[in-house]
Amino acid sequence: MQACRKLRVLPLRQVLSQLESAFISFRDLTLTPRDIQAACWSIRHNTSVLSLDFTGNFIKGREFRHIKDLLATLENLCHLVGRRLGKCNKLDDKDALPLAALIKTNRVLTVLLLRHNEFREDGGLILGEAIGINSSLEVLDLGWNHIRRRGAIGIAQGLEKNTSLRVVNLEWNGFGFEGCVALGDTLACNCTMTELNLACNRIHPPALLELLRGLAVNKTLRILKLGHNPITAGFSSLILAVVKRQPESALENIDLENVVVDKEFVSLLRQIQLERFFIVTYDLSLPVRKLTLDEMREKVGLPSAYNVDPLKMLYLLKEKMRASDFFYKINKDHDKGLQRNELYALFDEAGLPVTGSVIDKIMEFMDTNDDGIIDLKEFLLGDKRIKSISRKLIREDVEKKDYSKYSRTFQRAHIDPITNALKIDPNTSPMRQSRRLSVEKSKREADDKLVQISI
């Protein structure tokens, strides 16, 4: 009551009746910032609080500071709920900083539920760093957010460093290929996680292979949920093939809700169930044959078109060559300038087939007189501008280098993940590589991944 008078807010019966309780719930009370501040001040005197539920309230950065100060005084608290119902706690990337500070400093919180919020790339990076430092959380729920690309990589890297989390729910985000590459590394190193939910995360066959790469060596994960992902029937049996060939695997429950499987999947499931307890949920089994290794390589190994940053790639392709030498190397017919087909060939020979929008951007950037040809003078001026822009981006966004190696485009180009430079064979210049060699290299890389997961 004193806190209410001081902050000039009306006391709520639902709040007052719980102040001395061990399990406090402010669910769907739509508390104002001052209401939350008054409640936090009042709860400080209750040292027996075990659970706090703030679901359904308009909690933003300012309110989190009050909650953070409150948690510093509650030594026994182990359960904090900040989930959104309907249109309530719209936590976004701006609110990630105070939340991350709470996660880093609190040493007794074991359950953190943050479903149905609006965390994106930056929020994922910030929360991922905090998760890697925390040593008390055992249950983390980040389902139904917008965590993708760098944010997904940040969360995965945090999970790789964390040594306390047992249950992790990441359903209905967008981890995709980049996130699965990072999660593959996480599963290969993590020895505490027992349940992982990746339902509806845009996991297609190439992403599945990256995930299985880590699953093949993991010995602690017991429950894996991959439902509502675009996993084709021909690749479904790979999941059970990994489990069957890994006798030390702890997996006992795989959820493939809304995923269609093939005949080989059902056969493998029966074999595993004869050996040990194992449950799998799937949609239905189609009478389709298992894909051969060649067919799998063809589906996941052939180059595709990617919209990479053309200016950055030109800067990488140039290496330490002089701009004039680079121009003459691209200009294979030795005419007055570079045309669109020669730019296409440049990226194609480097193993990076690109879409027309990439070429359009280069032409717009360098062809200053709009005649459809980039002459030597325009190329030299454009090279100076590209060099200036590239150096500026590297200075301002150095941290992106840590995440580029997870990109499928990066993996298919001949780029060193350490130096971020193109790998050049001293005997064969990448400018002379044919498309056939690029396709064969992609097939070999796909074959290596299939071998890694012990098909």
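Just so it is clear, the structure is predicted and the values come from calculations on it, not from any experiment.

Asker: Just give me the short version of helix α14 (residues 323-330), but keep the residues and values in it.
Answerer: Along α14, the positions that sit buried rather than exposed are Ala323, Phe326, Phe327 and Ile330. Down the axis of α14, the buried side of the element spans an arc of 100°, and every buried residue falls inside it.

Asker: Lay out helix α3 (residues 33-43) in plain terms, naming residues and giving numbers.
Answerer: Judged by how many residues are buried, α3 sits mostly within the fold: 8 of 11 residues are covered. Of the positions making up α3, those classed as buried are Asp35, Ile36, Gln37, Ala38, Ala39, Cys40, Ser42 and Ile43.

Asker: Talk me through the state of the cysteines; I want residue IDs and the actual numbers.
Answerer: Under the counting rule described, the total for this entry stands at 0 disulfides. Free of any disulfide, Cys191 has its nearest neighbouring cysteine sulfur in Cys189, separated by 9.3 Å. Taking the relative accessible area as the measure of exposure, Cys191 reaches 58% and is therefore exposed.

Asker: Talk me through the pattern of salt bridges; I want residue IDs and the actual numbers.
Answerer: Summed over all chains, the structure comprises 16 salt bridges. Here Glu121 ties to Arg149 by a salt bridge, and the two come within 3.9 Å at their closest N and O atoms. Here Glu121 is found in helix α6 (residues 121-133), whereas its partner Arg149 is found in helix α7 (residues 149-161), with 28 residues between them in sequence. On the accessibility criterion, Arg149 (51% relative accessible area) is exposed. As a salt-bridge pair, Glu178 and Arg149 come within 3.7 Å of each other at their nearest N and O atoms. Here the residue Glu178 occupies a position in helix α8 (residues 176-189), and Arg149 occupies one in helix α7, the gap between them amounting to 29 residues. Look at the salt bridges and you will find they share partners, linking Glu121, Asp122, Arg149, Arg150 and Glu178 into a network.

Asker: Before we move on, could you go through the environment of Glu121 and cite the residues and values that matter?
Answerer: Under the relative-accessibility criterion, Glu121 is labelled partly exposed at 24%. Separated by 33 residues in sequence, Glu121 and Gly154 place their C-alpha atoms 8.4 Å apart.

Asker: Which residues make up the environment of Ile389, and what values go with them?
Answerer: Following the sequence through the fold, Ile389 ends up in helix α17 (residues 376-396). Along the primary structure Ile389 and Lys312 are separated by 77 residues, whereas in three dimensions their C-alpha atoms are 8.7 Å apart.

Asker: Help me get a handle on the packing of aromatic side chains, residues and values and all.
Answerer: As enumerated under the stated definition, the model contains 6 aromatic pairs in all. Measuring from centroid to centroid gives 6.0 Å for Phe326 and Phe379, while their planes differ by 55°, and the two rings are tilted. Of this pair, Phe326 sits in helix α14 while Phe379 sits in helix α17, placing them 53 residues apart in sequence. Taking the relative accessible area as the measure of exposure, Phe326 reaches 2% and is therefore buried. An aromatic cluster is present here, built from Phe326, Phe327, Tyr328 and Phe379 joined pairwise through their rings. Over the face of the ring belonging to Phe365 we find Arg385, whose NZ or CZ atom lies 4.0 Å from the ring centre.

Asker: Can you lay out the nonpolar core for me, pointing to particular residues and giving the numbers?
Answerer: Grouped together as the largest cluster of nonpolar side chains are 85 residues, with contacts concentrated most on Leu142 and Leu226. Every residue in contact with Leu226, bar those within four places of it in the chain, is listed here: Leu198, Ala199, Ile203, Leu208, Leu211, Ile231, Ile239, Asp255, Leu256 and Val259. Counting 24 residues, the second-largest nonpolar core is a separate cluster that includes Met313, Leu314, Ile330 and Ala350.

Asker: Talk me through the pairing of strand β10 (residues 279-282); I want residue IDs and the actual numbers.
Answerer: Bridge count between strand β9 (residues 253-256) and β10: 4 bridges; the pairing is parallel. Across the sheet, the residue bridging to Leu256 is Tyr282, located in β10. Handedness of the crossover is the feature at issue here: the chain leaves β9, passes through helix α11 (residues 263-275), returns alongside β10, and the resulting connection is right-handed.

Asker: Describe the pairing of β9, and please don't skip the residues or the numbers.
Answerer: Bridging between strand β8 (residues 223-225) and β9 involves 3 bridges; their strand directions are parallel. Following the sheet pairing, Ile223 is matched in β9 by Asn253. With respect to chirality, the unit in which β8 leads through helix α10 (residues 233-244) into the neighbouring parallel β9 is right-handed.

Asker: Please give an account of unusual backbone geometry that cites residues and values.
Answerer: Although it is not a glycine, Trp144 adopts a positive phi angle of roughly 60°. By secondary structure assignment, the location of Trp144 is in the loop between β5 (139-141) and α7. Phi at His228 is positive, roughly 60°, even though this residue is not glycine. Take His228: it is sitting in the loop between β8 and α10.

Asker: Which residues make up the environment of Asp92, and what values do they have?
Answerer: Looking at the secondary structure, you find Asp92 in the loop between β3 (79-81) and α5 (96-105). Under the relative-accessibility criterion, Asp92 is labelled partly exposed at 22%. Separated by 28 residues in sequence, Asp92 and Arg120 have C-alpha atoms that sit 7.2 Å apart. From its side chain, Asp92 meets the backbone nitrogen of Lys94 in a polar contact 3.1 Å long.

Criteria and cut-off values
Residues numbered from 1 in each chain as written. Predicted model: local features only at pLDDT ≥ 70, side-chain atom pairs only at ≥ 80, totals over all residues. Heavy atoms only, no water. Buried < 20%, exposed > 50% of the residue type's maximum accessible area, 1.4 Å probe, protein only. Helix = DSSP H or I, 4+ residues; strand = E, 2+ residues; numbered from the N terminus. Arc of directions from axis to C-beta. Disulfide = S-S within 2.5 Å. Salt bridge = Lys/Arg side-chain N within 4 Å of Asp/Glu carboxyl O. Phe/Tyr/Trp six-rings, centres within 6.5 Å; stacked < 30°, edge-to-face > 60°. Lys NZ or Arg CZ within 6 Å of the ring centre and 35° of its normal. Core = buried A, V, L, I, M, F, W, Y, C linked by side-chain atoms within 4.5 Å. Contact = heavy atoms within 4.5 Å. Pairing = 2+ DSSP bridges. Right-handed = clockwise from strand over helix to strand, strands pointing away. Polar contact = N/O pair within 3.5 Å; in protein donor to acceptor, adjacent residues only side chain to side chain.

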